[in-house]
Amino acid sequence: MHDHSGCACCSTLLGDAYREQRQRELHPLALTILLRRFGDRNAAIGATLLAAGELPRSSSSERTFGQSDPDAAALGTRVFVGGTVLPVDAAFSEAEALAIRNGRVLAFGRRNDVLREAGKDAEVIDVGGRIILPGFVEPHMHLIPVAMASRWENVGVLNCDNIEAVIARLRQKAQNTEAGDWVLAGQVDPSLQDGADALSATLLDHVSQTHPVLVLNASLHFGYCNSAALRLAGIDRNTPDPSGAVFVRGGDGAPNGVLKGGGALLRVLRAARAMAGLDPVEAGLSVCRKANSVGITTFCDQATGAFGGPSDIATYRAMAASGRMTARLRYSLLDALGAEWDGMGLSFGQGDALVRATGWKIVADGSNQGRTGCQREPYLNSNETGLAYVDPQALKEKVERRLRQGWQVVVHGNGDRTIDAILDAYEAARTRGVSLVRRPRIEHCSILHDDQIARIKDLGVSPSFLIGHVYYWGKAFRDTIFGPQKAALLDRAASCERAGITWTLHSDDPVTGMDPLRCIHNAVTRQMWREPDNALAPEECVPVQAAIRSMTRDAAWQCHSEHEVGSLEPGKFADLVMLSEDPRKVDPLAIKDIQVVETWMNGRKVWDDA
């Protein structure tokens with residue numbers, strides 16, 4: 001990477017602002033982003049964003065694209081008629097027409113009433129029987145990994161039935177890779193692909209002994225690399241395990257290429273320079289378009305900093321400043337970078353309607369399908385109970401500290417023992433007088449017992465379910481990972497609904513792809529991909545209206561954005577999606593096949609299927 005410390009073009013572009021920020025050790029990737037995106041054509045924006053590397057000190061100085069779009073007044077008034085409007089208000093109303101004006105919702109209701117309120121100058125659009133819903137809200141995804149995934153070889157189960165096919169595909173990739181370059185791939189999952197339980201260095205050495213090879217597990221909690229990659233990353237038998245992570249070792253004590261946990265994985269990712277050659281701003285904008293294609297107008301990154309460090313913030317701001325961002329972004333800061341975030345003066349709510357900080361993300365365990373989710377009882381036919389990434393006492397301290405700072409605390413928990421620890425941490429904070437008003441969350445919240453549901457209700461905690469666990473991994477959980485009794489405790493959305501708990505669904509993209517209609521289908525039917533005629537724990541199927549609400553109104557609430565998105569109520573942003581069919585009226589098994597026809601954000605069409 002170019003060393004900008006003595007670069008004349010940098011000094012010309014940013015002058016004293018550059019030098020002052022450089023002394024504060026701005027992440028070099030952040031500077032690269034700014035120079036690439038703005039060059040010397042817009043020194044003012046460049047200097048502003050450079051200062052924003054540690055975020056403006058108050059939201060009043062930030063860009064307000066979503067709140068005061070300078071072109072919004074030119075949009076005028078439009079009325080959508082000829083279809084069915086589901087505004088997803090508290091009553092789950094059904095309307096004949098929807099009016100929007102200057103980027104916001106004006107009214108919904110009976111056709112004639114809405115036309116009257118819109119006025120004679122309104123443009124009337126007949127939607128031809130389509131169903132209009134609020135733009136979907138994806139409450140848990142990973143922006144930079146999704147952007148990266150477009151450049152990595154996909155060796156997941158949809159492309160490779162078994163591990164043998166994975167190795168063959170990687171070998172072909174290596175043959176077409178320039179000497180010395182890394183072979184990078186993702187989405188492998190031995191729990192779904194027959195063959196070896198893990199891609200060891202010995203196995204990946206059959207791909208190449210000269211090219212370093214790194215493969216990410218679909219869960220993002222594991223990685224696998226060959227011997228060349230271990231050497232380049234400086235990992236040998238004397239390398240200590242990172243905190244909360246493991247370099248899996250063979251009988252001789254030498255690392256065998258299996259990387260468990262973020263600390264181990266990131267050690268090799270850094271050596272691979274996984275972000276090299278990626279324009280993160282353009283890649284991020286392409287993720288927005290991907291989201292639009294499935295009807296999403298707001299998404300939440302749930303591990304900001306995991307791959308790009310503090311430069312992720314600069315990426316977000318450059319995306320917003322481009323004027324081409326077609327989805328709203330909420331984000332949670334990864335606790336592993338806590339010291340860096342603290343030094344940047346970040347706080348809850350900084351940002352605007354387009355990009356805003358809302359959460360503080362703590363990863364407390366691993367992946368159940370990878371058997372690193374931390375369990376009360378051992379995994380099926382095993383003595384292993386998983387891996388706690390954070391000691392329970394340390395978790396209590398982290399949770400209390402960030403709650404006292406005013407953050408919404410968001411804790412990843414897959415195993416039931418970890419969920420116990422998360423609830424203990426929230427309860428300990430409450431006992432010490434700390435408010436839980438910021439809507440504390442448990443992410444994935446995969447295995448839930450009745451006693452835990454009662455505690456969630458009592459504490460006011462809100463779970464978000466990776467519902468694709470049921471669809472893609474349900475059979476594996478039932479047959480090989482947990483057994484039928486415990487697998488029935490997976491993603492208990494219906495039990496939470498009956499208990500009066502606010503819950504949501506998410507994709508965890510790239511773990512499963514963003515697709516709200518697929519998520520709704522999964523929650524309504526509990527169908528299993530590998531056994532489509534059977535449902536996993538059908539008593540946990542939810543009504544379709546509840547599933548729709550979970551990906552609109554409730555997801556917006558969970559992301560502290562219900563005042564502006566998540567429903568089509570007057571005054572909120574005109575973020576909407578048009579569907580070919582009504583999810584309430586089709587065969588539930590067909591919900592995932594409904595077509596997204598158009599997506600609108602801020603009163604503008606940002607995607608159509610033409």
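Here the structure is shown first, and the text comes after it.
Contact geometry of helix α10 (residues 280-293) with helix α11 (residues 311-321) gives a least axis separation of 9 Å together with a crossing angle of 65°. Overall, the two elements α10 and α11 adopt an arrangement that is roughly perpendicular. Regarding α10 and α11, the two cross each other, and that crossing is right-handed. Judged by residue contacts, Pro280, Val281, Gly284, Leu285 and Cys288 of α10 engage Thr315, Ala318 and Met319 from α11. In terms of residue class, the contact of α10 with α11 is made up of six nonpolar, two polar and no charged.

Moving on: the state of the cysteines. According to the stated counting rule, one finds zero disulfides in the structure shown. Cysteine Cys559 remains unbridged, with the sulfur of Cys300 as its closest cysteine sulfur at 4.3 Å.

Take the nonpolar core next. Judged by nonpolar contacts, the single largest core of 132 residues is most densely connected at Leu214, Phe299 and Tyr426. Here this core gets seven residues from one element, more than from any other, and that element is helix α14 (residues 416-431). The residues touching Tyr426, leaving out its near neighbours within four places in the chain, are Val399, Leu403, Val409, Val410, Val411, Leu436, Pro440, Arg441, Ile442, Leu459 and Val461. In this structure, Leu170, Ala185, Val188 and Val213 belong to the second largest nonpolar core, which totals 18 residues.

Here we take up unusual backbone geometry. Note that the residue after Asp509, namely Pro510, is joined by a cis bond; omega there is 20°. Looking at where Pro510 falls in the secondary structure, it is placed in the loop between β20 (504-506) and α19 (516-525). Look at Asn602: it is not a glycine, yet its phi comes out positive at around 60°. Look at Asn602 and you get buried, because its relative accessible area is 3%.

Here we take up the side chain of Thr297. Tracing the backbone shows Thr297 in strand β14 (residues 296-304). The exposure class of Thr297 is buried, given its relative accessible area of 1%. Once residues within four sequence positions are removed from consideration, Thr297 is found in contact with Gly135, Phe136, Ala327, Arg328, Asp575, Leu576, Thr599, Trp600 and Met601.

This structure, assessed with the given rule, holds 38 salt bridges. Across the pair Arg441 and Glu443 runs a salt bridge, and its minimum N-O distance is 2.9 Å. Neither Arg441 nor Glu443 differs from the other in exposure class; each is buried. The partner of Lys592 in a salt bridge is Asp593, with the nearest N and O atoms 3.7 Å apart. Classification of Asp593 as exposed rests on a relative accessible area of 55%. Among the ionic contacts, a cluster of salt bridges with common partners joins Arg130, Glu598, Lys605 and Asp608.

Bringing the layout of surface pockets into the picture now. Put simply, the largest pocket is a space of about 800 Å³. Lining the largest pocket we find 30 residues, and of these Gly262, Gly263, Leu334, Ala336 and Val363 sit closest to its centre. Of all the secondary-structure elements, those providing two or more residues to the lining of the largest pocket are α9 (262-272) and β16 (355-363). With six residues, α9 is the largest single contributor of residues to the lining of the largest pocket. Broken down by class, the residue content of the lining of the largest pocket amounts to 15 nonpolar, ten polar and five charged.

Here is what the cut-offs are and how they apply
- Residues numbered from 1 in each chain as written.
- Predicted model: local features only at pLDDT ≥ 70, side-chain atom pairs only at ≥ 80, totals over all residues.
- Heavy atoms only, no water.
- Axes fitted to C-alpha atoms, helices over the stretch in contact; angles between N-to-C directions.
- Helix = DSSP H or I, 4+ residues; strand = E, 2+ residues; numbered from the N terminus.
- Parallel < 35°, antiparallel > 145°, perpendicular 65-115°, else oblique.
- Left-handed = near helix turned anticlockwise from the far one by under 90°.
- Contact = heavy atoms within 4.5 Å.
- Nonpolar A, V, L, I, M, F, W, Y, C, P; charged D, E, K, R; others polar.
- Disulfide = S-S within 2.5 Å.
- Core = buried A, V, L, I, M, F, W, Y, C linked by side-chain atoms within 4.5 Å.
- Buried < 20%, exposed > 50% of the residue type's maximum accessible area, 1.4 Å probe, protein only.
- Salt bridge = Lys/Arg side-chain N within 4 Å of Asp/Glu carboxyl O.
- 1 Å grid on protein atoms, 1.4 Å probe; cavity = no way out; pocket = protein on both sides within 12 Å on 5 of 7 lines; lining within 4 Å.
- Points joined across faces, edges and corners; volume = space filled by probe spheres on them.

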